[in-house]
Amino acid sequence: MRIILLGPAGSGKGTQGELIERHYGFPRISTGDLLRLEVMKGTELGKMVADIMKSGRLVADDLVLRVVRDRVDDPDCQAGYVLDGYPRTLNQALLLEKIDVGRPETALEIMISEETVMERLSGRLVCPECGTVYNVHNNQPPADRRCPACGAELTVRNDDRPEVIKERFRIYRETIGPLLEHYSRKQVLFRVDGQRTVEEVFSSIRSILDDRIRGDRGASSRP
Ligand code: AMP
């Protein structure tokens, strides 16, 4: 099963992706995290994408595809995986279907307002070492602003500044339509209200996925 999380930055895709990973054992693949790692390591790809990422705009499809293809080929993805932040355009969805052909899919759209996104992201602090995310509104960072797991100083992501958050939301709205239509046509699109608590959102996701995975076992043996 390929689980695709759709929703603007700040909708909770990362958090829900981690819960899905823990509950079902499907690894979470975040293209944002993979690209940030390339930037941090100073690779050739990282150098090509750094400025675009800082601005909140989308990285070119062929560059993102490189990191996705490498990751879904890993042995731990053979039984299934959760995509967080990919695909973001219809073309990316079509490319994905070409590099991993015939895998059953479930697309989950997490719906959320721009106001909630602004509030959540403007309070977000992340650990640059291990990627743990804190939020001054609902997952308080430690008072000394150091990561309890690895001791690194928590930072605000480059693209979590208010003007960039707005730009990312605008781009999401602009590009998501054809992607939603695509998954809706394939009858694999499910909508979830993302304004609720983490537990409530996950409970809705679990009931969708339990149904899908059960149905899939009946229909085909492909994970
Ligand atoms: P995220 O952590 O998912 O918010 O992604 C951070 C940034 O990485 C985005 O604003 C884009 O610049 C880039 N990025 C991540 N995933 C994609 C993608 N599927 N297509 C294009 N750009 C992406």
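Residues numbered from 1 in each chain as written. Predicted model: local features only at pLDDT ≥ 70, side-chain atom pairs only at ≥ 80, totals over all residues. Heavy atoms only, no water.

For the protein, the domain assignment lists domain 1 (2-112 + 175-221) and domain 2 (113-156). Contacts between the two partners involve 10 residues from domain 1, matched on the other side by seven residues from domain 2. Together domain 1 and domain 2 conceal approximately 580 Å² of surface at their shared face, both sides included; 48% is due to carbon and sulfur atoms. Counting every contact that joins domain 1 to domain 2 gives zero salt bridges. Counting across the interface, domain 1 meets domain 2 through five residue pairs in polar contact (both at pLDDT 80 or more). Tallied by class, the residues present in the side of domain 1 that touches domain 2 amount to four nonpolar, five polar and one charged. (Domains from an automatic or database assignment. Contact = heavy atoms within 4.5 Å. Buried area = accessible area lost by both parts, 1.4 Å probe. Salt bridge = Lys/Arg side-chain N within 4 Å of Asp/Glu carboxyl O. Polar contact = N/O pair within 3.5 Å; in protein donor to acceptor, adjacent residues only side chain to side chain. Nonpolar A, V, L, I, M, F, W, Y, C, P; charged D, E, K, R; others polar.)

Within strand β1 (residues 2-6), five of the five residues are buried, which leaves it mostly tucked inside the rest of the structure. Bridge count for β1 against strand β3 (residues 81-84) is four bridges, and the pairing is parallel. Residue I4 lies in a different strand from β3, and its bridge partner there is L83. Bridge analysis of β1 against strand β4 (residues 105-111) gives five bridges, and the strand direction is parallel. (Buried < 20%, exposed > 50% of the residue type's maximum accessible area, 1.4 Å probe, protein only. Helix = DSSP H or I, 4+ residues; strand = E, 2+ residues; numbered from the N terminus. Pairing = 2+ DSSP bridges.)

For the rest of this paragraph, the subject is the packing of aromatic side chains. Under the defined criterion, the tally for this structure stands at one aromatic pair. Pairing Y24 with F26 gives two aromatic rings, centres 6.2 Å apart and planes at 5°, and the pair type is stacked. (Phe/Tyr/Trp six-rings, centres within 6.5 Å; stacked < 30°, edge-to-face > 60°.)

Relative to the elements of secondary structure, L83 occurs in strand β3. Spatially, the C-alpha atoms of L83 and V68 are 9.2 Å apart, while their sequence positions differ by 15 residues. Setting aside residues no more than four positions away along its own chain, L83 makes contact with R2, I3, I4, L5, I29 and L96.

Another point: the pattern of salt bridges. By the definition in use, this model includes 23 salt bridges. The partner of R71 in a salt bridge is D76, and the shortest N-O contact between them spans 2.9 Å. Residue class for R71 comes out buried when judged on its relative accessible area of 18%. Each of the salt bridges in this network shares a partner with another, and the network as a whole consists of R2, E97, D100, R103, E105 and K186.

Once that is clear, we can look at the environment of R28. Mapping R28 onto the fold places it in strand β2 (residues 28-30). The sequence separation of R28 and G131 amounts to 103 residues, and the corresponding C-alpha distance is 13 Å. Once you skip the residues sitting within four places of it in the chain, R28 turns out to touch G14, G17, E18, E21, D33, V82 and D84. Looking at R28, its side chain comes within polar contact range of the side chain of D33, at 3.5 Å.

Here the focus is the side chain of H182. Within the element layout of this structure, H182 appears in helix α7 (residues 162-185). If we ignore the near neighbours within four places in the chain, the residues touching H182 are L90, A93, L94 and E97.

Think of a sheet as strands paired side by side through backbone hydrogen bonds, with each pair either parallel or antiparallel. An order of β2-β3-β1-β4-β7 is seen for the five strands of this open sheet, with the pairing classed as parallel. For this open sheet the edge positions go to β2 and β7 (189-193), each flanked by a neighbour on one side alone. Adjacent strand axes in the sheet meet at a mean angle of 25° when their direction is disregarded. (Axes fitted to C-alpha atoms, helices over the stretch in contact; angles between N-to-C directions.)

Put simply, Y86 and P87 share a cis peptide bond, and its omega is -5°. Along the chain, P87 turns up in the loop between β3 and α5 (90-99). For R145, which is not glycine, the phi torsion reads 55° and is therefore positive. A relative accessible area of 41% places R145 in the partly exposed class. Phi is positive for Q187, close to 60°, though the residue is something other than glycine. Topologically, Q187 is positioned in the loop between α7 and β7.

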